[in-house]
Amino acid sequence: MSSKVKICGLRRLRDIEMANLYEPDYVGFVFAASSRQVTEEDAESLKAELADGILAAGVFVNAPAVQAARIAEKGIIDMIQLHGDEDEAYICSLKRLTGRPVIKAVRVQSREQILQAEKLPCDYLLLDTYTKGQYGGSGKSFDLSLIPGLSKPFFLAGGLNAENVRQALEISGAFAADVSSAVETDGYKDTDKVKAFIQAVREEKR
Ligand SMILES: O=C(O)c1ccccc1NCC(=O)[C@H](O)[C@H](O)COP(=O)(O)O
C-alpha cells in the first residue's frame, strides 16, 4: 500500500494554501510550546481554509485532556497527536471524550520502548528522534534498525527530507512519513521543499 504524508507545524494562511495545492494526507497544528506553536484561535482560522480531504492533527505535550477535547469538539482538529508522557488512562479518556483517532509519539531510545508503546490504546504510533529537552521537530534522524515488526500502523518522523524519505519508508515499512524542519527555510514552511517532499513520498508508490 502507498505511504501517506504529513506536513507538521503549519501556522500561516500561506501554509494552508500550500497544503491545499500539494495535498498532503495530513497536516499538523502544534499547540505545545514551540517556535511552531499556534493558538486555538489561529488554528481555527487555518482549519477553516484547509481543503476537506486533508486531515488536521493537533500536536500536544502533556496538555490537559479537556484542552485537546475542546479543540477537537470545535472541529479544529481531526486527530490528536501526543508527544509527552501521556499514559494509557490519559489516552482512554481522550478517546472517550473525543472519539478521534490518537497518534502516540515515541521518542525512540530502544526497541523495547517501541514495543511497550504499541500496547497503548492509541490508533497509530509516531516514531521520532529522541533529543534531550525537545519533544519533537528537532530535524534529527534516529537509527531505523531499532524499529521492530509492528502490527500497529506508524508515522515515521525525525530528520526526514526529500532525499532520504523514500529509503526510510522502504526500510521501516511506515504507514506515513512526517516532516517539519526539512521543509522550512528560516523557520517557515517553504513551498518548494514541501512540494519536493510530497513528490518524493508519492514516487515511492510506483
Ligand atoms: O515541531 C515541533 O515544534 C514540535 C514541538 C513539540 C512536540 C512536537 C513537535 N512536532 C511534532 C511533529 O510531528 C514533527 O513533524 C516531528 O517531530 C518531526 O520533526 P522533524 O524532525 O523536524 O521533521
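Residues numbered from 1 in each chain as written. Predicted model: local features only at pLDDT ≥ 70, side-chain atom pairs only at ≥ 80, totals over all residues.

Operational definition: UniProt positions are given in the numbering used here, feature names are shortened, and annotations may be inferred rather than shown by experiment.
As recorded in an unreviewed UniProt entry, the chain goes by the name N-(5'-phosphoribosyl)anthranilate isomerase, listed as coming from Blautia pseudococcoides. We quote the UniProt Catalytic activity (unreviewed entry) comment for the chain here in full: "N-(5-phospho-beta-D-ribosyl)anthranilate = 1-(2-carboxyphenylamino)-1-deoxy-D-ribulose 5-phosphate". The UniProt entry for the chain carries the following text under Pathway (unreviewed entry): "Amino-acid biosynthesis; L-tryptophan biosynthesis; L-tryptophan from chorismate: step 3/5."

## With respect to the pairing of strand E8 (residues 176-179)
Successive residues of a regular strand alternate their side chains across the two faces of the sheet. The test is simple: To sort residues by exposure, count the other C-beta atoms lying within 10 Å of each residue's C-beta; 20 or more gives buried, 12 or fewer gives exposed, and values between give partly exposed, all with C-beta atoms placed from the backbone. Strands here mean DSSP runs of E at least two residues long; helices mean DSSP runs of H or I at least four residues long; both are numbered from the N terminus. A pair of strands is treated as paired once DSSP finds two or more bridges between them. Assignment of crossover handedness uses the view with strands pointing away from the viewer, where a clockwise path from the first strand over the helix to the second indicates a right-handed crossover.
Taking every second residue as pointing to the same face, both faces of E8 are buried, with Ala176 and Asp178 on one and Ala177 and Val179 on the other. Where strand E1 (residues 4-8) meets E8, four bridges bridge the pair, whose relative direction is parallel. Across the sheet, residue Val5 finds its bridge partner in E8, namely Ala177. With two bridges connecting them, strand E7 (residues 154-156) and E8 associate as parallel partners. Bridging across to E8, Phe155 finds its partner in Ala176. Taking the sense of rotation as the criterion, the β-α-β connection linking E7, helix H6 (residues 165-172) and E8 turns out right-handed.

## What about H6?
How we decide: As used here, the arc is the angular range of directions from the helix axis to the C-beta atoms. Once C-beta atoms are placed from the backbone, any two residues with those atoms within 7 Å are in contact.
Taken together, the buried positions of H6 are occupied by Val165, Ala168 and Leu169. The buried residues of H6 all sit within an arc of 100 degrees when viewed along its axis, so they share a single face. With respect to the buried face of H6, the exposed residues turned more than 90 degrees away are Gln167, Glu170 and Ile171. The inward-facing, buried residues of H6 contact E7, E8 and helix H7 (191-203). Just downstream of H6, Gly173 is the residue with a positive phi angle, here 70 degrees.

## A look at the sheet that holds E1
Note the cut-off: A fitted line through C-alpha atoms serves as each axis, taken over the contacting stretch for helices, and the angle formed by two N-to-C directions is quoted from 0 to 180°.
Reading around the circumference, E1-E2-E3-E4-E5-E6-E7-E8 is the order of the eight strands in this closed barrel, with parallel pairing throughout. Taken pair by pair, the neighbouring strands of this sheet meet at an average axis angle of 25 degrees, ignoring direction. Of the pairings in the sheet, the one linking strand E2 (residues 26-30) to strand E3 (residues 55-60) comprises five bridges and is parallel in character. Its bridge partner lying in E3, Gly28 is registered against Ala57. Sheet strands in contact with helix H4 (residues 88-98) are strand E4 (79-82) and strand E5 (102-108), and its direction is about 155 degrees off that of E5.

## Thoughts on the nonpolar core
Here is a general trend for soluble globular proteins: nonpolar side chains tend to be buried in one another's company. Filter applied, for reference: We define a nonpolar core as a collection of buried residues of the types Ala, Val, Leu, Ile, Met, Phe, Trp, Tyr and Cys that are connected via C-beta atoms lying within 7 Å of each other.
The biggest cluster of nonpolar side chains holds 62 residues, and the ones touching the most others in it are Phe29, Leu156 and Ala177. Those residues within four positions of Leu156 in sequence are excluded, and the remaining contacts are Leu127, Ala168, Leu169, Ser172, Ala174, Ala177 and Asp178.

## Focus: the UniProt feature "domain: N-(5'phosphoribosyl) anthranilate isomerase (PRAI)" (unreviewed entry) in the chain
Summarizing the sequence annotation, UniProt attributes the feature "domain: N-(5'phosphoribosyl) anthranilate isomerase (PRAI)" (unreviewed entry) to residues 5-200 in the numbering used throughout. The span residues 5-200 carries 34% helix and 22% strand; its end-to-end C-alpha distance comes to 10 Å.

## A few points about the packing of helix H3 (residues 65-73) against H4
Let me state the cut-off plainly: Relative orientations are named as follows: roughly parallel for angles under 35 degrees, roughly antiparallel for angles over 145 degrees, roughly perpendicular for angles from 65 to 115 degrees, and oblique for any other angle. In a left-handed crossing the near helix is turned counterclockwise from the far helix by less than a right angle, and in a right-handed crossing that turn is clockwise. Here the nonpolar group is Ala, Val, Leu, Ile, Met, Phe, Trp, Tyr, Cys and Pro; Asp, Glu, Lys and Arg are the charged ones; every other residue, Gly included, is treated as polar.
Between H3 and H4, the shortest axis-to-axis distance is 9 Å and the interhelical angle comes to 25 degrees. Between H3 and H4, the angle is such that the two are roughly parallel. Between H3 and H4 lies a crossing whose hand is right-handed. Note on element contacts: H4 touches H3 through Tyr90, Ser93, Leu94, Leu97 and Thr98, opposite Ala65, Ala68, Ala69, Ala72 and Glu73. Residue composition of the contact of H3 with H4, by class: seven nonpolar, two polar and one charged.

## Digging into the environment of Glu49
One can find Glu49 in helix H2 (residues 40-49). Measuring from C-alpha to C-alpha, the distance between Glu49 and Glu170 comes to 33 Å, with 121 residues separating the pair along the chain. Excluding residues that lie within four positions of it along the chain, Glu49 makes contacts with Leu13 and Ile16.

## Considering the site of the ligand
To keep it simple, the criterion reads: Using the backbone to place each C-beta atom, any residue with that atom within 6 Å of a molecule or strand is considered near it.
Around the ligand, the structure places 25 residues, and the nearest of them are Cys8, Ser34, Gly136, Gly137 and Ser181. Of all the secondary-structure elements, those providing two or more residues to the shell around the ligand are E2 and E8. When its residues are assigned to classes, the shell around the ligand shows 10 nonpolar, 12 polar and three charged.

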